[in-house]
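Structure assessment
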There are 2 protein chains.
Amino acid sequence: MIRWNNLDTLDAFKALESDAKVNLAEVLAGEAGAERVKNYSVPMGGGLTYNFGAKKVNDEILADMQKLADEAQLTEKFAELYNGGIVNTGEKRHVLHQLVRGQLGNDVIADGVNKREFYTGVQNRINEFANKVHAGEITNEAGEKFTQVVQIGIGGSDLGPRALYIALENWAKKNNSLKMEARFISNVDPDDASAVLARTDVAHALFVLVSKSGTTLETLTNESFVKDALVKAGLNPSRHMVAVTSDSSPLAKSADYLDAFFMDDYIGGRYSSSSAVGGAVLSLAFGPEVFAEILAGAAEQDQLCKNTDIRKNSSMLDALIGVYERNILGYTSTAVLPYSQALSRFPAHLQQLDMESNGKAVNRFGEKIDYKTGPLIWGEPGTNGQHSFFQLLHQGTDIIPLQFVGFRESQLGNDVVIKGSTSQQKLCANVAAQIVAFACGKTDENPNKVFHGGRPSSIITGQTLTPKSLGALLAHFENKVMFQGFLWNINSFDQEGVQLGKVLATNVLAHNTEGALKVYSDLLEI
Amino acid sequence: MIRWNNLDTLDAFKALESDAKVNLAEVLAGEAGAERVKNYSVPMGGGLTYNFGAKKVNDEILADMQKLADEAQLTEKFAELYNGGIVNTGEKRHVLHQLVRGQLGNDVIADGVNKREFYTGVQNRINEFANKVHAGEITNEAGEKFTQVVQIGIGGSDLGPRALYIALENWAKKNNSLKMEARFISNVDPDDASAVLARTDVAHALFVLVSKSGTTLETLTNESFVKDALVKAGLNPSRHMVAVTSDSSPLAKSADYLDAFFMDDYIGGRYSSSSAVGGAVLSLAFGPEVFAEILAGAAEQDQLCKNTDIRKNSSMLDALIGVYERNILGYTSTAVLPYSQALSRFPAHLQQLDMESNGKAVNRFGEKIDYKTGPLIWGEPGTNGQHSFFQLLHQGTDIIPLQFVGFRESQLGNDVVIKGSTSQQKLCANVAAQIVAFACGKTDENPNKVFHGGRPSSIITGQTLTPKSLGALLAHFENKVMFQGFLWNINSFDQEGVQLGKVLATNVLAHNTEGALKVYSDLLEI
């Protein structure tokens, strides 16, 4: 029997609150500190490792976190979710994004079909389509191969697939897997679509229109933009476009598209990278095998997330540490700092994933809660960040927990040796050094050069960023966010907070406004 | 006589603390709300307007802010700075970034030269060089024109110039001002340089190496990377590179460069976009006239910032409102949300500008201070953000103040009409609607659909994003950060917080580590 209780009613949470706090510089000192870092490590999917040696925990706190995980029934709630429970209570929906990459529990039957079969069926159709495009069996009207793919979508139809594409573009080039270059059009700002189209060879471009409802204003507007460009180039838009949409959408059976691939209501936009939303563009860009590897990495991580032992479940542990930092230590944000240029847009994806899921002030029953929920998530790649906002991270008046990511090898393998080390070694040396600098600080006679330390971080490490490790990384954070939602007792799977602005914008466009709103729209001459 | 006092010792700050707080939904209601929004507006340089109608201020609070500005001697401190006072006390340096774009006060003589003449002299040399490149008088060894320019730099030598380039790339295409496409290499991650070089026509590329000291490890490493690529392509690196550096740097008089343009110690990296650091790459990319327009816009805003009246000085008012939000309302971060795809990397530049300047915990005399300083700065363009993290902004448990930016016209002017409105109108309607939604909220029977409102924002508006308005926008924020530093009584012009990591990284590379640091470096196999 699952109990959905607020975090602050749980005994283990109260125990955690009263545990003595950890002094990072002390626990990281000397041989004991070295042992701690070695031990405070959890294997993840895709060959990754989650190390939390520089987080403000110790064995006592970890024991209470385990109790909290048990008391909050995190494992049971995850099982409820993957076995097809209606966990998205607000919208009364299943939550099935893990099911697209593996069967974790019972068959889930919804809308009269086995959903695992539905998802794999859609992906198989995508694979077949992508293979035909790559083989030159599906071509433009002149019989020429498509060489570029352009995703038109916004929010979850943009950020995740774009982050994953950027993450693997170099890897694919190196491994002869870049079948088609991908581009993305998202913003309703007309300069976005114009600029992307200007550097696209439209005659050889395939456009993937992604909108679940088929009614997202930004996406439909950008579709028209693209169609105009195709027509102006003397091309037939319907020979250059596919749709990813729900089977009930107006796009589903339209002759305007070469083909349509279906999604459903059980996978929210921000969780849809491993569904057809990411599947179409990434299979076209890299080939179906590469996308399958992303799914395999994610599935590996999902399996580990069934573990009740927090020392064997990186997502659950990361979730608990995040809640500890947010609700007991009082930190308001988390920075995601990949020491990997390939992950340059991964923080933007996590920003949506986390903030749209857990930026909620009522619990899953609609009752106001008296504790903080989702933190602000932001970040940029290192070492760039070191030469920018790290000043505030080291010496600012707020403590901001950090999530580093680092790989032992670069993706392309090109490198130079300067002063006895490669660039990749410098990159890795910097991230290792930063962890210790943040945690332990430094004394100095000049107070302006004092670093107080006590700034916690964790690091996810791997050999190199591949489709499989990327999939595991993605699933780690998806599942972390899910476990945090369970802990906060909120519904991580709806997003009512994005609706109001849409209604008001429609009023502005209809000039159906007065008072302050009219003044703002006058200011912008709408 | 200037008094450098801590914020919490100022009478006006205490008065501000005791002022009754503003209820945004109330003050924005009805005709009075419309009047308020009309009145709460300040003209800026470059034809821009700063509107603060949806900030939590009223006439009483504004009067106390004016008193605070006067008591903190913000105008006098700015004058001290532009007249050549040693305002960067930590490093005992002048602070002269405004002087590169205009003479605001007395001549500043340092290092035996008139610094205004020095800066204009450098820029004139850059202009001459850029004109010769564009005219085909300076070419590659084969006598062919350079068509691309690649900046090699990190931190302030990257973020600002990159953000400005992206901001104007479309504008320049539209106005036939794109002389050379620009690219940027910054990260020590070898995949960054490899990827940029792979999409660069190195035979026709001019590289701008930017390092004040000539010793920044990332930049020198990436220079070697580029030289290798040039040599492999059978090219002579010294015919493809210019340096922007200080006259005492090892790069200054090296035969390895076609030319060298000098910077000095009085312009910090994050303030260097309008110096040779931005001047070289942007003059090459867009032509000297365009860069001159950026400077003219910035100079216009600088002039306005001399005003003691906060209602006529957007930077000073924005600074005061920010301090009010940080130190009295207790908000920890500010989101910068440009409704303009061209400004997609402007938030990343502001992140460095603000967080590296004001992320400090000691005052300018090195004494610990008992109040919060610089907030976390982050953001992404709208409408993209609306489909992502806006959920948390609307319904999350923390209030995050917002800085919108919007333009009445797009840069390229291509547009489509869908449902009776252009994309640009949709973009503008959305930002207007969001301001009111954040401020006023919405009631609903379903608690999950309730928006509490009370979330403050300001908006900077303009006709279109041009070099001049961009320059003013840049200067607005530079001067805001400066005024906030004065209010917090900190030194906004040094960055000791970035040093420790460098020292430790060097130790890691030399395998000169033990304990926890050794374990982390082992984890990454350094």
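The shown structure was predicted, so the numbers you read here are calculated from the model rather than taken from an experiment. (Residues numbered from 1 in each chain as written. Chains lettered and ligands numbered in written order. Predicted model: local features only at pLDDT ≥ 70, side-chain atom pairs only at ≥ 80, totals over all residues. Heavy atoms only, no water.)

A short note on the overall build of chain A
The helix and strand inventory of chain A stands at 18 helices and 15 strands. Relative to its length of 526 residues, chain A is compact, with a C-alpha radius of gyration of 24 Å against a globular reference of 24 Å. For the C-alpha atoms alone, the extent of chain A along its principal axes is close to 70 × 60 × 55 Å. The 526 residues of chain A split such that 67% are buried. Long-range pairs, those at least 24 residues apart, make up 74% of the contacts in chain A between residues at least 6 apart in sequence. With the model as given, the accessible surface of chain A reaches about 16500 Å², and the carbon-plus-sulfur share is 48%. In chain A, 48 side chains carry a positive charge and 60 a negative one; their mean positions are 3 Å apart. (Helix = DSSP H or I, 4+ residues; strand = E, 2+ residues; numbered from the N terminus. Rg over C-alpha atoms; globule rule 2.2 N^0.38 Å. Buried < 20%, exposed > 50% of the residue type's maximum accessible area, 1.4 Å probe, protein only. Contact = heavy atoms within 4.5 Å. Areas by Shrake-Rupley, 256 points an atom, 1.4 Å probe, with all protein chains shown as cover. Lys, Arg positive; Asp, Glu negative; His and termini not counted. Charge placed at Lys NZ, Arg CZ, Asp CG, Glu CD.)

What about the packing of aromatic side chains?
Residue and element names in this part refer to chain A. What the rule picks out here adds up to 34 aromatic pairs over all chains. Ring geometry for phenylalanine 389 against phenylalanine 390: centres 5.6 Å apart, planes inclined by 50°, an arrangement best described as tilted. Note on accessibility: phenylalanine 389 and phenylalanine 390 belong to one class, buried. One aromatic cluster is present, formed by Tyr339, Trp378, Phe389, Phe390, Phe404 and Phe438 through successive ring pairs. Here the guanidinium or amino end of lysine 115 rests over the ring plane of phenylalanine 118, the centre of that ring lying 4.0 Å away. (Phe/Tyr/Trp six-rings, centres within 6.5 Å; stacked < 30°, edge-to-face > 60°. Lys NZ or Arg CZ within 6 Å of the ring centre and 35° of its normal.)

Brief notes about the interface of chain A and chain B
Tallying the contact residues gives 132 residues for chain A and 132 residues for chain B. Considering only the side of chain A, the residues that lose the most area to chain B are His387, Tyr520 and Leu524 of chain A, jointly responsible for 7% of the buried surface there. Residues arginine 345 of chain A and glutamate 380 of chain B are paired through a salt bridge, measuring 2.8 Å at the closest nitrogen-oxygen approach. Where chain A meets chain B, there are 53 residue pairs in polar contact (both at pLDDT 80 or more). The leading source of residues in the side of chain A that touches chain B is helix H15 (residues 423-440) of chain A, at 15 residues. (Buried area = accessible area lost by both parts, 1.4 Å probe. Salt bridge = Lys/Arg side-chain N within 4 Å of Asp/Glu carboxyl O. Polar contact = N/O pair within 3.5 Å; in protein donor to acceptor, adjacent residues only side chain to side chain.)

Describing the relation of the copies chain A and chain B
When chain A is fitted to chain B, the residual RMSD is 0.0 Å, and the transformation amounts to a turn of 180° plus an axial shift of 0.0 Å. What the rotation and shift describe, once combined, is the action of a two-fold rotation axis. The rotation axis passes nearest to the C-alpha of tryptophan 378 of chain A in chain A, at a distance of 3.5 Å. Same-surface contact between copies: 100% of interface residues of chain A are shared with the interface of chain B. (Least-squares fit on C-alpha atoms with pLDDT ≥ 70 in both.)

Section: a positive patch on the surface
On the surface, a cluster of positive charge is contributed by Lys173 and Arg199 of chain A together with Lys173 and Arg199 of chain B. Note that arginine 199 of chain A resides in the loop between helix H8 (190-198) and strand E7 (205-210). (Patch = residues over 30% accessible without salt bridge, like charges linked within 9 Å, V, L, I, M, F, W, Y side chains within 5 Å.)

Remarks on helix H11 (residues 288-304) of chain B
Because an α-helix packs 3.6 residues into every turn, residues spaced three or four apart end up facing the same way. Here H11 of chain B spans 25 Å end to end across 17 residues, near enough to the 24 Å set by a 1.5 Å rise per residue. The elements touched by buried residues of H11 of chain B are helix H5 (74-82), helix H6 (115-134), helix H7 (159-174), helix H10 (276-286), helix H12 (314-328) and helix H16 (467-488) of chain B. (Expected span 1.5 Å × (residues − 1).)

A look at unusual backbone geometry
Residues and elements named next belong to chain A. Residue threonine 383 is reached from glycine 382 by a cis peptide bond, and omega for that bond is 5°. Here aspartate 111, not a glycine, exhibits a phi torsion of approximately 50°, which is positive. Note on placement: aspartate 111 falls in the loop between strand E3 (109-110) and strand E4 (113-114). A relative accessible area of 59% places aspartate 111 in the exposed class. Positioned with a positive phi, histidine 511 is a non-glycine residue whose angle comes to about 55°. Positionally, histidine 511 belongs in the loop between helix H17 (499-509) and helix H18 (515-523). The exposed category is assigned to histidine 511, whose relative accessible area is 55%.

Points about the side chain of threonine 75 of chain B
Following the sequence through the fold, threonine 75 of chain B ends up in helix H5. With sequence-adjacent residues up to four places away left out, threonine 75 of chain B is seen in contact with Lys306, Asn307, Thr308 and Met316 of chain B.

Some thoughts on the environment of aspartate 415 of chain B
Of note, aspartate 415 of chain B is situated in the loop between strand E12 (402-407) and strand E13 (417-418). Its relative accessible area of 28% is what places aspartate 415 of chain B among the partly exposed residues. In sequence terms aspartate 415 of chain B and glutamine 425 of chain B are 10 residues apart; their C-alpha atoms lie 9.8 Å from each other. With sequence-adjacent residues up to four places away left out, aspartate 415 of chain B is seen in contact with Pro190 and Phe225 of chain A together with Thr422, Ser423 and Gln424 of chain B.

So, the sheet that holds strand E8 (residues 241-246) of chain B
All names here are of chain B. If you walk across this open sheet you meet the five strands as E6-E5-E7-E8-E9, and the pairing is parallel. The open sheet has two edge strands, strand E6 (181-185) and strand E9 (259-263), and neither has a second partner. Across the sheet, the mean angle from the axis of one strand to that of its neighbour is 20°, orientation sign disregarded. With four bridges connecting them, strand E7 (residues 205-210) and E8 associate as parallel partners. (Pairing = 2+ DSSP bridges. Axes fitted to C-alpha atoms, helices over the stretch in contact; angles between N-to-C directions.)

A word on the packing of helix H4 (residues 59-71) of chain A against helix H12 (residues 314-328) of chain A
Each pair of packed helices can be described by the angle between their axes along with the distance between the axes. All names here are of chain A. For the pair H4 and H12, interaxial distance at closest approach is 10 Å and the crossing angle is 105°. Taken as axis vectors, H4 and H12 run roughly perpendicular relative to one another. Side by side, H4 and H12 meet where Ile61, Leu62, Met65, Leu68 and Ala69 of the first sit next to Met316, Leu317, Leu320, Ile321 and Tyr324 of the second. Looking at the contact of H4 with H12, its residues break down into 10 nonpolar, no polar and no charged. (Parallel < 35°, antiparallel > 145°, perpendicular 65-115°, else oblique. Nonpolar A, V, L, I, M, F, W, Y, C, P; charged D, E, K, R; others polar.)

Considerations on the sheet that holds strand E10 (residues 333-339) of chain B
Residues and elements named next belong to chain B. Pairing is mixed in the open sheet, where six strands are placed in the order E1-E2-E15-E12-E10-E11. Only two strands of the sheet have a single neighbouring strand rather than two, namely strand E1 (41-43) and strand E11 (376-378). The mean angle between the axes of side-by-side strands here comes to 15°, regardless of whether they run parallel or antiparallel. As judged from the six bridges shared by E12 and strand E15 (residues 457-462), these two strands associate in the parallel manner.

Observations regarding the packing of H7 of chain B against helix H13 (residues 346-358) of chain B
All names here are of chain B. Following both chains from N to C, one finds H7 and H13 inclined at 155°, their axes separated by 8 Å at the closest point. In this view, H7 runs roughly antiparallel relative to H13, as classed from their interaxial angle. Here H7 and H13 pass one another in a crossing that is left-handed. On H13, the residues touching Leu159, Gly160, Ala163 and Leu164 of H7 are Phe346, Ala348, His349 and Gln352. Of the residues in the contact of H7 with H13, the class split is five nonpolar, three polar and no charged. (Left-handed = near helix turned anticlockwise from the far one by under 90°.)

Here we look at the pairing of strand E8 (residues 241-246) of chain A
Consecutive side chains of a regular strand alternate in pointing toward one face of the sheet and then the other. For E8 of chain A, the tally of buried residues reaches six of six residues, placing the bulk of the element in the interior. Considered for its hand, the β-α-β crossover made up of E7 of chain A, helix H9 (residues 217-232) of chain A and E8 of chain A is right-handed. (Right-handed = clockwise from strand over helix to strand, strands pointing away.)

A word on the pattern of salt bridges
Tallying each qualifying case throughout the model produces 48 salt bridges over all chains. Among the salt bridges present, the one from aspartate 264 of chain B reaches lysine 115 of chain B, with a minimum N-O distance of 2.7 Å. Residue aspartate 264 of chain B is located in the loop between E9 and H10, and its partner lysine 115 of chain B is located in helix H6; the two are separated by 149 residues in the primary sequence. In terms of burial, aspartate 264 of chain B and lysine 115 of chain B fall into one category: buried. By sharing partners, the salt bridges in this structure join Glu91, Arg93 and Asp265 of chain A into a single network.

Things to note about the nonpolar core
Core analysis: the biggest nonpolar cluster contains 304 residues, and Met65 of chain A together with Met65 of chain B have the highest contact counts within it. Contact partners of methionine 65 of chain A, with chain neighbours within four places excluded, come to Leu16, Val57, Ile310, Leu317, Leu320, Ile321 and Tyr324 of chain A. In terms of nonpolar packing, the next biggest core, distinct from the first, is built from 22 residues, Ile418 of chain A together with Val150, Ile185 and Ala260 of chain B among them. (Core = buried A, V, L, I, M, F, W, Y, C linked by side-chain atoms within 4.5 Å.)

Things to note about the pairing of strand E12 (residues 402-407) of chain A
Residues and elements named next belong to chain A. Counting buried residues along E12, six of its six residues qualify, which places the element largely inside the surrounding structure. Both faces of E12 are covered, namely the face carrying Leu402, Phe404 and Gly406 and the face carrying Gln403, Val405 and Phe407. Relative to E12, strand E10 (residues 333-339) runs parallel, the two sharing five bridges. Residue pairing across strands places tyrosine 339 opposite glycine 406, the latter belonging to E12.

Observations concerning the environment of aspartate 70 of chain A
Within the secondary structure layout, aspartate 70 of chain A lies in helix H4. Along the primary structure aspartate 70 of chain A and glycine 382 of chain A are separated by 312 residues, whereas in three dimensions their C-alpha atoms are 36 Å apart.

Side note on the confidence of the model for chain A
Caution is warranted with low-pLDDT regions, since their predicted coordinates should not be read in detail. Of all residues in chain A, 100% attain a pLDDT of 70 or more, and the chain-wide mean is 96. Interface scoring of the predicted complex returns ipTM 0.97; its pTM is 0.98. (pLDDT = per-residue confidence, 0-100.)

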